[in-house]
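# Observations on the model geometry
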Amino acid sequence: MTIYSQKITDAFQTVFSKIPSFIVRAPGRINLIGEHTDYNEGFVLPAAIDKAIYFAISPRTDRIGKLYAVDLNDSYEFSVDAIQKSSKSWANYLIGVTSELRTAGYVIPNGFEVAFGGDVPNGAGLSSSAAVESGMGFALSELFGLKVPRLELALTAQRAEHHFAGLQCGIMDMFASIHGKAHSVIRLDCRDLSYEYFPFNFVNYQLVLCNSGVKHTLADSAYNTRRQECEAGVAILKQFYPHIHSLRDVSLAQVEAHRTDFFENVYRRCRYVTGEIERVVAACEDLKRDDLEAFGKKMYETHEGLSKDYEVSCVELDFLVEQTFDKEEVLGARLMGGGFGGCTINIVKTEKVTDFIQQMIVSYQHHFNRKLVCHVVKITEGVEKLN
Ligand code: GLA
């Protein structure tokens, strides 16, 4: 039992006066490369990490769902037969999954009690919401013997995010939380959802996240707009290449050839996405050769594209990446996740990790008068039952 799973178990017992049937661990995720490519049917390279949301759950004899958010010390109750959006945004992730499972034809035979919480920082680009959705779906499936296949769980979680949280997210976050494998990254083809694990276990290098503390609320941000801009790009290109379905079907060279046919912003979005899809494929070749240096260079290219062309960075994230330019111990750094705040991901020489973190904290404090929180993360298994 980790500290957090114990904390959630204790809270469950205090609030519901009984022992939970079992505990579920649903991890947050990192993404090594392949950003804003998932909803363009491209490739991504995420992994589950040792920061997770834990769920304690047990069935009830009536048809009431009782939820307790341990970290917020807040509760919510709903009828599993009449599920509606809540004004409590945290509750929507859990009731959304319950509702989407029912819509998919799974029978929720009883009510239930759930307490949840953990150490995936909120709004940091580590997909705490996908961890909540993935864990909830998995917990319900286990509790009621629904046997929901893992891919179906990921798709259900994604639908919950679309319909209950209002973010038109891709599949990457929930897929990673559910399919993670220790010491491996997942190359997911977001067009057909086929995937391959690549070992990512370099003793000489660690993965360090630097949390800018700038909170992003993707639903309120330009995320959905970026998606629409990509669709606008596809609509233009379709006039010339009727067979294309998404930016996955388009090369960077084709985007360049039609530069004058796009509005400038749409051109730059398409340039970034098509380049990034090609970059993920090339980055996997680097991994096959254990060439982490070449891999790291591509992370910097990704950041440049996200910042200049896709325009989802911010001054704090750009600063954190720029700070690493003259640090030999850093192979690659970039903003991670949807952007507009949250973390950068850095590949840092193991023996220099402590110094690196110290220097980053000092320079961030000096420049922004803000506290930088850094995490050294390990790659773990995906969602699982703990006992
Ligand atoms: C968020 C979304 C994902 C993905 C990333 C950007 O995390 O939830 O689906 O689009 O942004 O790569």
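Residues numbered from 1 in each chain as written. Predicted model: local features only at pLDDT ≥ 70, side-chain atom pairs only at ≥ 80, totals over all residues. Heavy atoms only, no water.

### What about the site of the ligand?
Surrounding the ligand, one finds 13 residues, the nearest of these being Glu35, His36, Asp38, Asp173 and Tyr223. Here Arg29 contributes a side-chain N or O atom positioned 3.1 Å from an oxygen atom of the ligand. In the environment of the ligand, an oxygen atom lies 2.8 Å from a nitrogen or oxygen atom belonging to the backbone of Gly170. Expressed as a share of its isolated accessible area of 300 Å², the protein-covered part of the ligand is 97%. Looking at the shell around the ligand residue by residue, the classes come out as five nonpolar, four polar and four charged. (Near = heavy atom within 4 Å. Polar contact = N/O pair within 3.5 Å; in protein donor to acceptor, adjacent residues only side chain to side chain. Areas by Shrake-Rupley, 256 points an atom, 1.4 Å probe, with all protein chains shown as cover. Nonpolar A, V, L, I, M, F, W, Y, C, P; charged D, E, K, R; others polar.)

### Some points on the environment of Glu229
Within the secondary structure layout, Glu229 lies in helix H6 (residues 223–238). Sequence spacing of Glu229 and Tyr267 is 38 residues, and the spatial spacing of their C-alpha atoms is 9.1 Å. When residues no more than four places from it in sequence are discounted, the contact partners of Glu229 are Asn265, Val266 and Arg269. (Helix = DSSP H or I, 4+ residues; strand = E, 2+ residues; numbered from the N terminus. Contact = heavy atoms within 4.5 Å.)

### What about the sheet that holds strand E7 (residues 184–189)?
Taking strand neighbours across the sheet as the criterion, the three strands line up as E2-E7-E8 in an open arrangement whose pairing is antiparallel. A strand with exactly one partner marks an edge of an open sheet, and here the two such strands are strand E2 (43–44) and strand E8 (195–199). Pairing of E2 with E7 involves two bridges; the strand directions are antiparallel. If you follow Phe43 over to E7, its bridge partner there is Asp189. Contacts from helix H5 (residues 172–179) reach E2, E7 and E8 within the one sheet, and its direction differs from that of E7 by about 135 degrees. (Pairing = 2+ DSSP bridges. Axes fitted to C-alpha atoms, helices over the stretch in contact; angles between N-to-C directions.)

### Re the pairing of E7
The buried fraction of E7 amounts to six of the six residues, a majority that puts the element mostly inside the structure. Across the two faces of E7 the burial is the same, with Ser184, Ile186 and Leu188 and Val185, Arg187 and Asp189 all buried. Counting the residues between successive antiparallel strands, the hairpin from E7 to E8 contains five residues, one of them, Leu193, with a positive phi of roughly 60 degrees. (Buried < 20%, exposed > 50% of the residue type's maximum accessible area, 1.4 Å probe, protein only.)

### Considering H6
Here H6 is 16 residues long and its end C-alpha atoms lie 23 Å apart, about the 22 Å a rise of 1.5 Å per residue gives. Buried within H6 we find Tyr223, Asn224, Arg226, Arg227, Glu229, Cys230, Gly233, Val234 and Leu237. Of the surrounding secondary structure, the elements contacted by the buried residues of H6 are helix H4 (150–165), helix H7 (252–257) and helix H8 (264–288). (Expected span 1.5 Å × (residues − 1).)

### Examining the packing of aromatic side chains
A full pass over the atoms with the stated rule returns 17 aromatic pairs. When the centroid spacing of 5.8 Å and the interplanar angle of 40 degrees are considered together, the rings of Trp90 and Phe116 count as tilted. One end of the pair, Trp90, is in helix H2 (residues 89–103); the other, Phe116, is in strand E6 (residues 112–118), and 26 residues separate them in sequence. Neither Trp90 nor Phe116 differs from the other in exposure class; each is buried. Between Tyr272 and Tyr310, the ring centres sit 5.0 Å apart and the planes meet at 45 degrees, which makes this aromatic pair tilted. Here Tyr272, found in helix H8, pairs with Tyr310, found in the loop between helix H9 (292–309) and helix H10 (315–322); they are 38 residues apart in sequence, far enough to count as distant. (Phe/Tyr/Trp six-rings, centres within 6.5 Å; stacked < 30°, edge-to-face > 60°.)

### Quick word on the side chain of Glu316
Looking at the element boundaries, Glu316 is found in helix H10. In this structure Glu316 is buried but unpaired, with Arg370 as the nearest side chain of opposite charge at 4.1 Å. Apart from the residues lying within four places of it in its own chain, the contact partners of Glu316 are Ser212, Val214, Tyr364, Phe368 and Arg370. (Lys, Arg positive; Asp, Glu negative; His and termini not counted. Salt bridge = Lys/Arg side-chain N within 4 Å of Asp/Glu carboxyl O.)

### A few points about the sheet that holds strand E5 (residues 74–79)
Spatial strand order, E5-E4-E6-E3-E1-E13: six strands in an open sheet with mixed pairing. Each edge of the sheet is formed by a strand with only one pairing partner; in this case those strands are E5 and strand E13 (384–385). Strands strand E3 (46–59), strand E4 (64–69), E5 and E6 of the sheet are contacted by H2, whose axis makes an angle of about 30 degrees with E5. Each of strand E1 (22–31), E3, E4, E6 and E13 is contacted by helix H3 (residues 128–143), which is oriented at about 45 degrees to E3, the strand it contacts most.

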